[in-house]
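Working through the structure, step by step
If you want the building blocks of each chain, they are given just below.
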Amino acid sequence: MTYSFSLHARIRDGDPEAFRELFRDHSQLVYRHALRVSGDWATAEDVVSLTFLEAWRLRGKLRDEGETPRPWLMGIAVNVLRNTTRAARRYRSAVDRVPAAGAVPDFADELVGRMADAEQLAAAQAALKRLRRGEREVFTLCVWSGLGYAETAEALGVPVGTVRSRLSRARTRLRELAAEELAAATRRSGQLTGEMLEPLRIAGQVQVDRTEAVRPKREGNE
């Protein structure tokens, strides 16, 4: 989606239709990003609401640069994810000042179908938490959310060269960490399966013992 500078101006002026367009084009991107980073649907939904409320509050800071406000919006989403508690307080204080909007489509069901395998996602999230915050944010924006180097640099307020170097380090480190986390998850899963099957084995043994114990008595009675 290509934007003209006129949309930037309309967003700064608080045009409700411009914000509906912004939400329609980018709410799913924010949701996917928040869901993958947090691993929690409720948190991801909160982040979407808080991100767009923050965008409304900060609309005057949107500059006429670039073809799309996506980097500006994702920069806000990253800040919301950094401190959702502080953003929640802003939400409560801002909700009364935001004009009522029309009903928003529920896109959660559509996104659930696109999620990666649960174990792989959990392993990736656990590995991401072991990275430095700067590397983690660059990786999630570039790889998971599909932003370019320049867009990520704008979103995070860092040079493009910093984005490239952080992403390179993150990729190298994540390959190692994700493999460790997935292996650990597999071991835990196997241990749990064994614990669940053990009572069945015991029950089966008891049943066999009872059968064998009854037979001699019957034969003796005959």
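All of the points below concern the structure found in this document. Small disclaimer: the values here were computed from a predicted structure and weren't measured. (Residues numbered from 1 in each chain as written. Predicted model: local features only at pLDDT ≥ 70, side-chain atom pairs only at ≥ 80, totals over all residues. Heavy atoms only, no water.)

Side note on the overall build of the chain
Along the backbone of the chain there are 10 helices and 0 strands. Listed N to C, the secondary structure of the chain is α-α-α-α-α-α-α-α-α-α in terms of helices and strands. Residue pairs at least 24 apart in sequence account for 69% of intrachain contacts in the chain once pairs closer than 6 positions are excluded. When the accessible surface of the chain is summed, it comes to about 13600 Å², and 51% of that surface belongs to carbon and sulfur atoms. (Helix = DSSP H or I, 4+ residues; strand = E, 2+ residues; numbered from the N terminus. Contact = heavy atoms within 4.5 Å. Areas by Shrake-Rupley, 256 points an atom, 1.4 Å probe, with all protein chains shown as cover.)

With respect to the pattern of salt bridges
Here the structure, examined in full by the defined rule, presents 11 salt bridges. Residue R10 is joined to D15 by a salt bridge in which the shortest nitrogen-to-oxygen separation is 3.0 Å. Taking the shortest distance from any N to any O, the salt bridge between E54 and R57 comes out at 3.0 Å. Placement of both E54 and R57 in helix α3 (residues 41-57) is noted, with a separation of 3 residues, approximately one turn of the helix. Connected through shared salt-bridge partners, R82, R133 and E137 make up one network. (Salt bridge = Lys/Arg side-chain N within 4 Å of Asp/Glu carboxyl O.)

Looking at α3
The α-helix winds at 3.6 residues per turn, so residues separated by three or four positions along the chain end up facing the same way. Taking 1.5 Å per residue, 17 residues should reach 24 Å; α3 reaches 24 Å between its end C-alpha atoms and fits that length. Of the residues flanking the start of α3, the one acting as N-cap is D40, its side-chain oxygen 3.2 Å from the backbone nitrogen of A42. (Expected span 1.5 Å × (residues − 1). Polar contact = N/O pair within 3.5 Å; in protein donor to acceptor, adjacent residues only side chain to side chain.)

Structural notes on the packing of aromatic side chains
Inspection of every chain in the model, using the stated rule, returns 3 aromatic pairs. Between the aromatic rings of F139 and W144, the centroid separation amounts to 6.1 Å while the plane-to-plane angle is 65°, which identifies the pairing as edge-to-face. By relative accessible area, which is 11% here, F139 ends up buried. A relative accessible area of 18% places W144 in the buried class. Positioned above the aromatic ring of W56 is the side chain of R59, whose terminal nitrogen or guanidinium carbon lies 4.3 Å from the ring centre. (Phe/Tyr/Trp six-rings, centres within 6.5 Å; stacked < 30°, edge-to-face > 60°. Buried < 20%, exposed > 50% of the residue type's maximum accessible area, 1.4 Å probe, protein only. Lys NZ or Arg CZ within 6 Å of the ring centre and 35° of its normal.)

A look at the nonpolar core
Within the largest apolar cluster, 46 residues are counted, with the highest numbers of intra-cluster contacts made by I11, V30 and W72. For this core, the elements supplying multiple residues, two or more each, are α1 (5-12), α2 (16-38), α3, α4 (70-82), α7 (118-129), α8 (133-144), α9 (149-156) and α10 (160-221). Per-element tally for this core: the top contributor is α2, with 9 residues. In contact with W72, not counting residues within four places along its chain, are I11, L22, A55, L58, R59, K61, L62 and E154. (Core = buried A, V, L, I, M, F, W, Y, C linked by side-chain atoms within 4.5 Å.)

Things to note about the side chain of R70
Along the chain, the position of R70 falls in helix α4. Side-chain polar atoms of R70 contact the side chain of E151, separated by 2.6 Å. If near-sequence neighbours (up to four positions away) are discounted, R70 is found in contact with H26, L29, G146, L147 and E151.

Considerations on the packing of α4 against α9
Taken N-terminus to C-terminus, the directions of α4 and α9 make an angle of 50°; their axes are 8 Å apart at the nearest point. Between α4 and α9, the crossing angle belongs to the class labelled oblique. In this structure, the crossing between α4 and α9 has a hand that is right-handed. On α9, the residues touching R70, P71, W72, M74, G75, V78 and R82 of α4 are E151, E154, A155 and L156. Tallied by class, the residues present in the contact of α4 with α9 amount to 6 nonpolar, 1 polar and 4 charged. (Axes fitted to C-alpha atoms, helices over the stretch in contact; angles between N-to-C directions. Parallel < 35°, antiparallel > 145°, perpendicular 65-115°, else oblique. Left-handed = near helix turned anticlockwise from the far one by under 90°. Nonpolar A, V, L, I, M, F, W, Y, C, P; charged D, E, K, R; others polar.)

Some remarks on the environment of S38
Relative to the helices and strands, S38 is located in helix α2. For the pair formed by S38 and Q125, sequence separation is 87 residues and the distance between their alpha carbons is 7.8 Å. Apart from the residues lying within four places of it in its own chain, the contact partners of S38 are T43, A44 and Q125. Among the polar contacts listed, one links the side chain of S38 to the backbone oxygen of A34, at a separation of 2.7 Å. Within the structure, S38 has its side chain in polar contact with the backbone nitrogen of D40 (distance 3.3 Å).

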